Each structure stands twice: as C-alpha cells, then as structure tokens.
Amino acid sequence: MKVLGTQLAGVARRPARMLLSGLAVLVASFVVYSTVLAQDIAGKTVLDGLSGTPAAVDLVVGHDPATFDSVDLDTGELATIKALPGVTEAVGRFDAGGQIGGGVDGQYLNVVADPGSGPLSTVRVTQGAYPSQPGQVAVSPRTAERLGLPVGSTVTLATRFSEDGKPEKPRTLTVTGLVEASADYGFTGYAPLSTVTDLVGGDTLYQIDLRLDPAIDAADVTAAVQRVLDTAPAPEEGLKRPLVLTGAEMRAAEARDAASDVDDVFIAVDLFVAVAVMAAGLVAASTFRIVFAQRMRQLALLRAIGAGRGALWRALATEGALTGLAAGVVGVLAATAVGFGVPPLLRASGTNVASPDLPVVAALGVLLLAVVLTVVAVLAPAFTAARVAPLEALRQAGAAPGKRGVGVLRGVAGVLVLLAAIAPAGYVLANLPGPDTKDYPAEQMLLSVVGSGALAFVALIILGPLLVGPLLAGAGLVLGRFGPVGRLAVGGVGGAPRRAAAVSVVVALGVTLIAGVVVTGASVRTIAERELATSSPADFELTAQGGDAVPADVVTRAQASPDLAHVSGYRKLPEVAAAGSDMRLPATDLNLTALPALKNLDVRDGSLAAAGPGKVVLAGFAAGELGLKAGDRTTLTTKGKQVTVEVAAVLGDNGPLQSFFMLDPADLTALGAPATLDGLLADAAVAGEDGRNAGQKAMLQLAQGNTGLGTEVLADQRDEFDDVIGAVLAIAIGLIGLTVLIAVVGVGTTTALSVVERHREAGLLRAVGLSRTGLRTMLTAESALYGVLGAALGLLLGVPYAWLAIRAYDYTAPLSLPVLQLIAVFVALVVLTALAGVLPARKAAKVSPVAALATD
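Residues numbered from 1 in each chain as written. Predicted model: local features only at pLDDT ≥ 70, side-chain atom pairs only at ≥ 80, totals over all residues. Heavy atoms only, no water.

Turning to helix H3 (residues 75-82), a few remarks are in order. Those residues of H3 that sit buried are Glu77, Leu78 and Ile81. Looking straight down H3, one finds that the buried residues subtend no more than 105° of arc, so they occupy a single side. Structurally, H3 contributes buried residues whose contacts are with strand E1 (59-62), strand E2 (87-93), helix H5 (193-200), strand E10 (207-212) and helix H6 (218-230). (Buried < 20%, exposed > 50% of the residue type's maximum accessible area, 1.4 Å probe, protein only. Helix = DSSP H or I, 4+ residues; strand = E, 2+ residues; numbered from the N terminus. Arc of directions from axis to C-beta. Contact = heavy atoms within 4.5 Å.)

If you want it as structure tokens, here you go:
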C-alpha cells in the first residue's frame, strides 16, 4: 500500500502526465458512448418520423406487417366501418399506376389515394389546391419538374391495357396543386380515393386507417370492426383476410422495418469502433511505456528501499486502472453533453431529430471498457518497469535508454506471424478465379484475405522497429536537404525505434483501412461504370414500340435540340444466329464510340478501334457459347440472309441495348435490317438536375404526336449508384477517421512526453545555437515523421490487400489505383501528425537553455 500511495502521490503532483497517459482512452470512451447515443437517436428518429402511418391513426385494417400479404378489402367494407359508432374518420388507402399519354410516351405516374387534409393525410399542399372534383390530381414538386406537369396542366393516364397492348379508357387528369410528402420519387401524384379507384375501374383497397372518438372505448370499436370483417365473404384466391391492428402497432412495425436498416448500418459502425478501441489500446500501451521509462529512477529508488517487484507491478497496474476510470468518466460526460446538446440545435434549424434516453447501463459498460482497456494496455509496460534494478537509482535522472532491436523471441514470433499471414494470401493469389472457374468460394476466399491482413498487421506490430530504420533512411534523404534541423528530426525519431514503431503502427492501421476503402471504392466504381455502360449507355432513350419506327425528322430535331447532346440512332434485329449454333440473339448497329459512357465498356479481348465493316463486337456470353475470340471469323444469319464477319473485340457478359452482336450498319443492312431506326440515345446537354429535366422535356416533345414512340430516363440508374457509392465511401472514411483521430492523439501525446523526457537535450541544443524556431521546427518535423512512417506502412499494406480482396471476389475486377486520392491521404496524415506536435513544440521552445541545463 505504501508503494501504491507513493505512486498515486506522484501522479497527483503531475496530473498532466496522467492526462496524456489516458488521452487515447478518453477519446475511445467518447467515441464508444457517442455511438451508443447516436444509435438511440437514430432509432427514436425512425420511430418518430419514418413510419408511414400518421400519428392520428388509432386503428388499421389491412395486411400483416410481418408478411405484407395482399388482403381482400374493398370500398364497401370501408363504408360499413365508417358508419360504426365511435369511428370519427375512416380513410381508404390505394394507389394506381399507369403510362402517361395513353401508353404512348412511356412515362410512368403512380397516383396515391389521400384525403389531402386533416389528421389522416400524409401530404401537405404547397401550391394551388388539393383535388376536390373527379378528374383532378396533385403531384409532388419533383414529379411536376420531371414530367412537365405544372399546376393547370393536364395529363392522360392509361392504367388498363388490352391483350394486344392497347390502352383501355385512358383518363385525362388536371393538375390542381403541388404537395409535399415524406418521399418524392419524381413519379407520384395524389388524389381522393374515388378518383384513384376510378382509374382502375374497381373498388379494391389495401388498407383502411381509422381515427376514433376518444370518448368511446377503443376495444369496443375494434370488436365491431372485426365483426364486419368476419361477416364478409371468404377471401378470393391468393388474398388474405385483413387484420385489425392498433395504429401504434402498425407504426412500430413500420419503424422496426426501417430501423432494421439503421441497425445494419450500426453493425458496420460497431466494427469500426472496435478497430478504434484497439488503436486506443496500442496508443495507451505506448504512452505508459514512455511514462514509466521517464520514472525509472523513482521506481529504482523504491526497489532500493525494499519494494518488491510484485508490489511495484500491482501499483503501476492500479495507477493504469485509475487513469482508465478517470478517462472513461470524462469521455462519457463529454459524449453525453454532445448527445443531448446537438438534437435541440438541429431541431431549431428545422431538422426533426429525436433526443436520446440516458443509457446508464451502457455508460457503466463504457467505464468498465475504459478500465479494462487501460489495464490491458498497462500490463506489459508495468511488468517491464517493475523489473528495474535498484542500481538504476544511481543513474542520472532521465529516461533509461530504450531498446533498439526486437529481441530474438520477439523476432521469431514476428516471423512466424508473418509466415502465417503470407500463407492464406498466397493460397488466394494462386487460386484466383478465371472465366471457366466453377463453384468458386468467393466469400471464403474474401475471409481468407481479411484474416491474412489481420495477421500481417500483427506482424507489423511485432517487427515494426526493424522497419523504422530503412524508412527513416529514405525520409532522411529528403529532410537532410533542410539542414541540421531535418537531420536532428530524423535522429530524434530514429533514436527510439520501438517508440516510433508503436506510434506509427496506429497511424498505419488508419491509413491501411482508408487506402483499402479508397482503392476498393475506385475499383467498384469502375465495375459499376462498365455495367452501366451496357444497361444505361446514355441519359435518355427513345424507342419505337409495336413495330413502328423512329421518323427521320425526330432524329433531325433531336440533333438540333440545344438540350440534347451525343444523339445516336440505332437499329436492331431480334434474332441473329452464328455458324454452328441454333442460338438466336439480338444484334444492333449502335456506334460504340458515339456516346461518352460507352468508353467504359469492359473490353476483355481485342479492341473497339478495330470495329468497322466486316467486323463484329461480341458480348462475352455469346463469345463463350460460340467459342469465339478476337480475330476469329464467323457467319451470321437471319431469315435466309447472311454475312461473314471477323471478331474485333469481346466485351463483358452483356452488350449495350441487350444486344450480343454489335455490327457495322452496312452489315446489319446486309442481314435485312430496314433503313428506319428502332430508337435513339441521347445525353443531356447540361449536367445537373436542371439539365436533366430540360433534356427529358426535349425527349417528351420529340415523342409527342408520334404514335408508338416512348421515352425512358436511363440516367437515374447511374445517379442512384453514384449517390449510394458516394455515401458508403464517405461513411466508411468517416468511421475510419475515428482510428486516425486516435492515432493523431497518440502522436501528440508521444511528442509531448518526448519533450518532457528530452528537456536537457532541448536546452543543450538551444545553448549551442539552435533558435527557438529551429527547435519548434525540429519537434514538429519529428511528429510529421510519425505520419510519414505510418502512412508509408499503411499504403504498403492497404493497396495490395485491397487489390487481392477485389480480385478474390470478382475476377473481372480491375485494379483501379486512384493515385491522386492516395497521395491526398498520405499528405493529410503527415499534416495531421505534424499539427499534433505543434503545441508540444511551442512549449519546448519557450524553455530557457539555462533552466533546462540546470534540471536534474
């Protein structure tokens, strides 16, 4: 106890040292508890705002929310239920979708039944008025913009078609207003129930929402509604009898469904938080090692006066536990302040965000985690420090010189772990799939890559000190040109390779993850661009339907439109066969160089530049089935006509426009294709939503007055992917930033403790003529070198493993190396670690040389 009291008294005299020791744990505690509160906030926000059932709904008659089975419900039952005692309001839910222009223009509009006002309405009128008469509709703002439906315009909608595809009884609707709803997909209208049911000519409903008289017992109304349903005829085949649920039950079910996505997201968040906690443990262990080394003389004195190794070790471990507890308390309190302070600010700015509860159990768990993490981090440094010899008390004050190597046992362990990491990586590399690989275990191989990467990082932790020297030698070639300050910085970091490795490894962990995400994201984006080049080669497509053709004047008008660009017409033949095969596949003469998106086509053999008369570009599926490759010749036939062509290139599995033979126009004509076009593709002339809307209006104008022409917006698919991949990458990098934050904290802590440890050295440098600016620059450069070491190691690990993971999952995936982004990551980490050393460097530069040299 006396030993423990002595240690705690020393901590009390120097609280700053305790703060630095526990700073990484404090940040980790803040991150973990903030994540708990964020998940609670997200869940409550979903429960409060993302349920599709209005808060005023007391009872719901409809499907089982767990199965979403269709139910047998109609307007007759709605009328009966509405007349029941205790029912204040009853609203039927239904929607009807159809083609605009009587099935000609190809644009889709979905009309949803809604009362338009009152507590059971899901929309709010922002312009004009809600429909009050038959034949009227209100639309969402994006729908009005995308489909050209301002207030006062009319739209013809066909919801029923005959067997030959002809519209039956299309309805003309007048747009009376614009409304806001919880979501705006760009193809949604709203109208009273009578208008919606008239569109389909039926009386079917999928749900009835009820608002009850609060003076009437809800159980009595529920029983009355159930009796109405029980006396109804048996459900038609394929339909279920509707259920009666409370509004709260339905809202909870809807919210749970939406919240499941939130939970899935937070599973990924928890994984990244776990990595950040591990990084905090590494930083804490390194920090305690430095602190105990600085107190080596004090510990030796305790040994000299009779303190045993066990007592000393327990005292140091207890000190670590108390440090963890203090750091955890501060971290939890800070997270609580942020978690309860941010939602009111967001609500004040117009964003509806719920406030969290106070999860006390989770807070206690975070405190326990902080203590355990710190104790685990302090064990090895405490054990080493407790082994100090009493004779160390006779040394001059200051830190004992640290070991520069790794030791035989540590070296052997590191090599074994490295070999264990190489084995699965080598196995995956040797068994990468090819085009003919069958039953390839992609997920198993991917897990092998992840396991190999984890082992490689462990090997880096063990063998890191051996890598510091070679990397510093390379950095010294650059910094040496900046004179003595640069050389001193390199020497300062190289003088303690274990310390440099311990700090740089945490930086390397963050950079490895970021590099992996950046490289993987670039490769995934390239893969998606290849697929989108075949499915969505342009922003818009205009097609001839029902055997009609695209008039020549439409192509001319499209090419002259200022809102369209890259207009390219095409023809198609539906059934073309190759020699030696009875398989008949579509062919087209689309110019594969006419549209910018087509430059992203996946060319697996040959070259598109070789395409031309007498040549064919094959989709990979056709090439595989026919056994053809670039340079081979084949004969294509259809309806008695044939043409012999040479394979110029082989694409991925599919070709543009769902075609498998891409021919020159002359060859398609030789196969009997008429001169008239089957469709045309075009891009918006101006990028952005406004340009897209203008281009869509231009395409609609081209189709107007031409029976059989339909238009489709292909660019929405590309936009959706861009939004998804951008959001995923941003979230992933943001989460990895937690690890980087802790790494930067570790660099700052190490630099600050190094300043204390090298107090006399700083004074001596000042005494021999080094200016304050020079000293600040030297220490800041040392901090930056930790970033250089970590970023270099991280890139060396992250890029190869990202490539291996991508190829293990998809053999066709390219290795996209976003050099500029990786350089930006490297520079950003170096700058951040340099900034972490600015404050300690400024403090060191203020010390008087005389005072520093006089320090014992």
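The next thing to look at is the confidence of the model for the protein chain. Low pLDDT marks regions whose predicted coordinates should not be analysed in detail. Looking at the protein chain, pLDDT values average 81 and 84% of them are 70 or higher. Throughout residues 396-401 the model reports pLDDT below 50, and contacts reaching past four residues in sequence, or to other chains, amount to nine contacts. (pLDDT = per-residue confidence, 0-100.)

Attention shifts here to the packing of helix H11 (residues 408-430) against helix H21 (residues 772-809). Packed helix pairs are characterised by how far apart their axes lie and by the angle those axes make with each other. In the contact formed by H11 and H21, the axes pass within 10 Å of each other and the chain directions differ by 40°. Overall, the two elements H11 and H21 adopt an arrangement that is oblique. Considering how the two elements wind past one another, H11 and H21 form a crossing that is left-handed. For the pair H11 and H21, contact is made by Ala421, Ala425, Val428 and Leu429 and by Tyr801, Trp803, Leu804 and Ala808, respectively. Of the residues belonging to the contact of H11 with H21, the class tally is eight nonpolar, no polar and no charged. (Axes fitted to C-alpha atoms, helices over the stretch in contact; angles between N-to-C directions. Parallel < 35°, antiparallel > 145°, perpendicular 65-115°, else oblique. Left-handed = near helix turned anticlockwise from the far one by under 90°. Nonpolar A, V, L, I, M, F, W, Y, C, P; charged D, E, K, R; others polar.)

Where nonpolar side chains cluster on the molecular surface, the patch consists of Leu817, Val819, Leu820, Ile823, Val827, Val831, Leu832 and Leu835 and spans about 730 Å² of accessible area. Position of Val827 among the secondary structure elements: in helix H22 (residues 819-836). The class of Val827 is partly exposed, set by a relative accessible area of 44%. (Patch = residues over 30% accessible without salt bridge, like charges linked within 9 Å, V, L, I, M, F, W, Y side chains within 5 Å. Areas by Shrake-Rupley, 256 points an atom, 1.4 Å probe, with all protein chains shown as cover. Salt bridge = Lys/Arg side-chain N within 4 Å of Asp/Glu carboxyl O.)

Following the criterion strictly, the structure yields twelve salt bridges and no others. Between Asp209 and Arg93 there is a salt bridge, with its nearest N and O atoms 2.9 Å apart. Linking Asp209 in strand E10 with Arg93 in strand E2, this pair joins segments that are 116 residues apart in sequence. By the burial criterion, Asp209 is buried, and Arg93 matches it. Through salt bridges that share partners, Arg530, Asp602, Arg604 and Asp653 make up one connected network.

Turning next to the sheet that holds strand E12 (residues 540-544). Ordered in space as E13-E21-E12-E22, the four strands form an open sheet in which the pairing is antiparallel. One side of each edge strand has no neighbouring strand; the edge strands of this open sheet are strand E13 (564-570) and strand E22 (709-713). Across the sheet, the mean angle from the axis of one strand to that of its neighbour is 20°, orientation sign disregarded. Bridge count between E12 and E22: five bridges; the pairing is antiparallel. Looking at E22, one finds that Thr543 is bridged to Gly710. (Pairing = 2+ DSSP bridges.)

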